[in-house]
Every structure is written in C-alpha cells, then in structure tokens.
Amino acid sequence: MIGAASSGSGKTTFTLGLLRTLKNRGGKVRPFKCGPDYIDTRHHKMAAGCPSINLDSFMMSEQHIHDLYARYTLDADYAVTEGAMELFDGYDGMQGSSAEIAGLLHIPVVLIVNAKSTAYSVAPLLYGFKNFHKEINLVGAVFNFVASESHYSFLKQACRDACVEALGYLPKQADVEIPSRHLGLTLDESFCFDTFADRVAELVEKHVDIDRLLELTAYHADAIPGMIQPKAAASSLKISVARDAAFNFAYEENIQLLHQLGKVTFFSPLKDAALPESDFVYLPGGYPELYLSELASNRTMLNSVRNYVEAGGKLLAECGGMMYLCSEIKSAEGESFPMVGLLNQSATMEQMKLRLGYRTLHYKEYTLKGHEFHYSHVDTQGEKLASVATAFTAKGSSVDTPLYRYKNLLAGYTHLYWGDPSRNQWFIDYLNGKL
C-alpha cells in the first residue's frame, strides 16, 4: 500500500509511476484504491493496463473487501493499493482509513513523505507512523520533492534512526506534479496522463530501489483469505450503461455485478441516437457540465431516455446522471441547456460549492450506502421534488441529500455501491420490480 504522511505528499504521482514501472517490467499489475474515489481509479487503469478496484470499509463489508482483494490478486504478479487522504485519516478516527484496510488485509505499507523544506526532522514523524498502530506494517519510506542527493542523505539518516528503511525519492521537478485541477471534479484533456506516467516511471526506476521495495512487500498467495467466486449471469436482462466523456464515474465492481446479472451494452448519451433495447439503464456520474451543448443538441437521445422511463423502464442515475435527467443544466456562467426533463428542476453549476462525504440512505426497509461528491446544486421549478429516502452522514447526522423516485426511475447525488452481495438486496429487488 502507498500511504501518505500528509496531504500533498505526491501519493498519486508515485503510485502512477510505480504502476507504470511494474507494467514495463512485465507481468500483470493489479491496482487498488482505498476509499470511494472514482477519479484516481481511471488514472490507475491507464498506468497499469487493467481496471483499478475500490476497497472501502464504509460501503463494503469486511468479507467483501477480503473477497475483492483475493479475487483480483489471484492472477496478478503485483498488487499496488493507493491509500486515501493520509494513512490514518478516516471518517471517524481510523475507521474508513487506508490504515484500516492495510491492517484488515495485512498489506505492507510504503509511506510517501513530502520532504520539501524539511530534512532530519522527518525522523520523529517516521517513528510515529511506524509505532502508532502495531497492526500496520510500515516497511519503508519514499520521499518526494527532494532537492539534491545531499538533501536525501539527511533523510536517510532520519530513516535509520527511526528504524524505517529509506527506499528512495522523487526529485523536485515541475514536470512530475499533477496539476490540481486533475485531482478534483474537472478535467483538461490536454494533460496527457499516459506521457506523465512514463515520465514518473523513469524517475522511479532511477531514484527508487524497486527491487528492495518488492522484496520488503512480497507476500505469498497462501496468505490471501478464501474468497467467494462471482456467479455466472443469472438472467437474460438487457442492461445499458452510459459510458463516454460525459458519464464515466463508476465503481468497477458495480459494473462486474451487472455483467453477472445480464448482458451489458455501453452507450453514449453524447453520440448515440437512442438507448439500446433495455430492461435496466444506468446513468453514472461524470462531467456533463463540460459537454452541455453536445448533450442538449442530441435531442433523439434525450427523447429516447424520457420515453423509456415514461413507459415504465428501470433507470438508476447518479450525480451527473441525475443532472442529465433534470429539465435543464445551467453552466457556471448561467447559460441554460435543456436536458431530458423527467425531474422538474434545474441543475446548476452557478455559485459552485463542494458537497462531499459518505452517505447512508434509508428507503423503505432498505439501507443504501454510497458517497456524495459534487459542486453543482439543484433549483426547483415550482414545487420542490420530495426525497423518498432519509439520508445520514457516516457519523449518523441527518443530511439533506435527496433520492428521487419517478415511476421506475431512481436518481440522486449519491454514488451508490451495490457490488457487495451482503448489502445489495435493495438493488436486486429493484431490478426484480420489488422496490
């Protein structure tokens, strides 16, 4: 596991470089991501050449986390897990933290430390991270933003005195920093992550002792807990999933479950003329605000989605997908673009304000788990749409995150997780017409 000592340490940068380095060495590299992040996983897939799997102790049961890790590492030569936030930071102390996942799965931890403007003083920091929680196996440290070999010599001395092995560093260079706009909910396609991963991989090979890192973090397949094998397709459901530049925030295991439940077809609300023949449609989140003109001008698709729901079709929409179903989306400048029109409200990027956090939704007798992360908000056009669920934060505080129901349409801001067989009865009943 790649953990961070502090925010801005360069955890994602190093992870991408390490994934690409291991891919270049041959063998299969399996990336994982702690927490509910669906942006870093896209970057992981690009760097490693295969999908990245989320491991999240709020949305998933412990058994499901064990099963995921076992199943996806079964045929892998390397498994690299990027932590979330700082190593011990969770939604409630260590709960939900990268350290919790590392302890649960017995994954060795390499700590990424921001060495900018510091030297030997990292010794007590390293000592604290190594000894704070004995179930966490911190095997070494990699330093970022290192000014010179002389600077690194002080850091190595700190490692020796803290009994944490120094595994190398990344030099302080502007071309190995990810612009902050790529770590949030915007995207500039001019930034080439593929080239970036190659550049960081070169530096990782040059300045980090990869062989020693692999030696320290090796563990045998027989240490992996037993797993529950996924079932084969259980029905002939025709499942349609939106996937294009505007809609692409989806948890890999959610999609894999859909493959088990029926035949999955991907479609583009940007480019396709109409929905495929469908028994269930999934509209995930993404970047609709970056493609408002294209989405609005594709009237045949807008009409196809509206007619499908009006005829009783099942459709689940999350965040950006929910915005697409509103009467309109307004840009940050206030320009209005007509959308599907199933939800009588505006989704607007005006006066953007970040809303984020884990969410528990109680709907009828069901409990739904997920995560909210967006800058837009909704403005009603007339009477406010009522939420059919009550929503709570990870700590149990009430929050006004809505879940809308219209005929067989379910929509809201929460990115829901239904890949866990022990927690997805709501989703199975919804598909079977029982919810």
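Given the structure is predicted, the values throughout are model-derived calculations rather than measurements.

A. Here's a closer look at the overall build of the chain. A count of helices and strands for the chain gives 13 helices and 24 strands. Over its C-alpha trace the chain gives a radius of gyration of 23 Å, about what one expects of a compact globule, namely 22 Å for 435 residues. The principal-axis extents of the C-alpha atoms in the chain amount to approximately 70 × 50 × 40 Å. The proportion of buried residues among the 435 residues of the chain is 55%.

B. How the structure looks around the sheet that holds strand β11 (residues 280–283). Here we have 6 strands laid out as an open sheet, ordered β10-β8-β11-β13-β23-β22, and mixed in their pairing. Every other strand in the sheet has two partners, leaving β10 (262–267) and β22 (403–406) as the edge strands with one partner each. Direction aside, the axes of adjacent strands within the sheet are offset by 15 degrees on average. Bridge count for β11 against strand β13 (residues 314–318) is 4 bridges, and the pairing is parallel. The partner of V281 across the bridge, within β13, is L315. Strand contacts of helix α9 (residues 252–261): β8 (237–242), β10 and β11, with the helix running at about 130 degrees to β10, the strand carrying the most contacts. Contacting β10, β11, β13, β22 and β23 (409–412), helix α11 (residues 299–310) runs over the sheet at an angle of about 120 degrees to β13.

C. View of unusual backbone geometry. You will see that F145, though not glycine, has its phi angle at about 60 degrees, which is positive. Tracing the sequence through the fold places F145 in strand β6 (residues 138–146). Positive phi values are uncommon outside glycine, yet C319 reaches one of about 55 degrees. Its location among the elements puts C319 in the loop between β13 and α12 (320–324).

D. Region of the structure containing the pairing of β11. Both faces of β11 are covered, namely the face carrying F280 and Y282 and the face carrying V281 and L283. In this structure, β8 lies alongside β11, joined through 3 bridges in parallel fashion. Directly across from S240, in β11, lies its bridge partner V281.

E. The arrangement of the environment of K395 in detail. Position of K395 among the secondary structure elements: in the loop between β20 (390–392) and β21 (398–399). Taking C-alpha positions, K395 is 29 Å from V110, a pair spaced 285 residues apart along the chain. Not counting the four nearest positions on each side in its chain, K395 is found in contact with Y91 and D92.

Calculation criteria
Residues numbered from 1 in each chain as written. Predicted model: local features only at pLDDT ≥ 70, side-chain atom pairs only at ≥ 80, totals over all residues. Heavy atoms only, no water. Helix = DSSP H or I, 4+ residues; strand = E, 2+ residues; numbered from the N terminus. Rg over C-alpha atoms; globule rule 2.2 N^0.38 Å. Buried < 20%, exposed > 50% of the residue type's maximum accessible area, 1.4 Å probe, protein only. Pairing = 2+ DSSP bridges. Axes fitted to C-alpha atoms, helices over the stretch in contact; angles between N-to-C directions. Contact = heavy atoms within 4.5 Å.

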